[in-house]
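Commentary on secondary and tertiary structure
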Amino acid sequence: YWADNKLLLKSFYGRRALRIWPLHYVLLTILLLVGLLPLPYFLVHGAFLTNILQAWRNDWNQPWFFSALWTISVQEQFYLFWPLLFIALRASMRSAFLVGMIAVALLFRTGMWAAGMGNDVAFFTLPFASFDALAAGSLLAMAQGRLTAFVDRGVLVLPLLLVLCLAVELMG
């Protein structure tokens, strides 16, 4: 079991690194070499912690070349931990875990909003704020095999789009 998963993880992380990391580190290296990025910030952005830095500073005002790095950081944090969690969880517990992650995101944002922090950067950029979208995507991926027959016939397309639009509207 673990040997098979180890090979899958190695392949998954290898493909992920080859897809995102080269361009990410080329950008950071160029910015470092031309003096637009001090070494400590090179390390922060290089460790995919841009979203946490922005939340800590409560500051959206970043140079244009950093505008996408916070969302890439959230994605990389997700891809680092999510597969490991799924391997650690029994298959029967995964759906419940994902529903719990949706609840965590809703509680996180509700708590921030209630504390008057609904416009703070952390409300949008911290991983907890994205758990619902990430978990919903994971639930859909897990249900893909069961939904394929319905989607192929167009039975669920409109209701799913309606639910998706409603969720987007409620979140933001």
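The written sequence of each chain sets the order in which its residues are numbered from 1. Totals for whole chains, interfaces and linings use all residues, but because this is a predicted model, local features are given only for residues with pLDDT of at least 70 and pairs of side-chain atoms are given and counted only at 80 or more. In computing side-chain values, all of the structure's heavy atoms are included and hydrogens and water are not.

Attention shifts here to the overall build of the protein. Along the backbone of the protein there are eight helices and zero strands. Helix numbers and strand numbers start at the N terminus; a helix is a DSSP run of H or I with at least 4 residues, a strand a run of E with at least 2. Counting from the amino terminus, the protein carries its helices and strands in the arrangement α-α-α-α-α-α-α-α. Here the protein holds 172 residues, and 29% of them are scored as buried. Here the analysis covers contacts within the protein between residues at least 6 apart in sequence; of these, 59% occur between residues at least 24 apart. Computed with the Shrake-Rupley method and a 1.4 Å probe, the accessible areas treat only the protein chains shown as cover for residues. Taken as a whole, the protein presents about 11300 Å² of accessible surface, with 74% of it coming from carbon and sulfur. For the exposure calls, accessible area comes from a 1.4 Å probe over protein chains only, and a residue counts as buried if that area is under 20% of its type's maximum, exposed if over 50%, partly exposed in between. Residue contacts are counted whenever heavy atoms from the two residues lie within 4.5 Å of one another.

This part takes up helix H2 (residues 39–46). If you check which residues of H2 are buried, you get Phe42, His45 and Gly46. Angularly, the buried residues of H2 cover 100° about the axis, an arc narrow enough to put them on a single face. Seen from the open side of H2, the exposed residues pointing more than 90 degrees away from its buried face are Pro40 and Leu43. Trailing H2 by a residue or two, Phe48 shows a phi angle of about 60°, which is positive. What the arc describes is the spread of directions from the helix axis to the C-beta atoms.

Turning to the pattern of salt bridges, a few remarks are in order. Criterion for a salt bridge: a side-chain nitrogen of Lys or Arg within 4 Å of a carboxyl oxygen of Asp or Glu. On inspection of all chains with the given rule, the structure shows two salt bridges. Of the charged contacts in the structure, one is a salt bridge between Arg16 and Glu76, with a shortest N-O distance of 2.9 Å. Of this pair, Arg16 sits in helix H1 (residues 2–33) while Glu76 sits in helix H4 (residues 69–88); the two residues are 60 residues apart in sequence, bridging distant segments of the chain. Owing to a relative accessible area of 8%, Arg16 belongs among the buried residues under this scheme. With a relative accessible area of 9%, Glu76 lands in the buried category.

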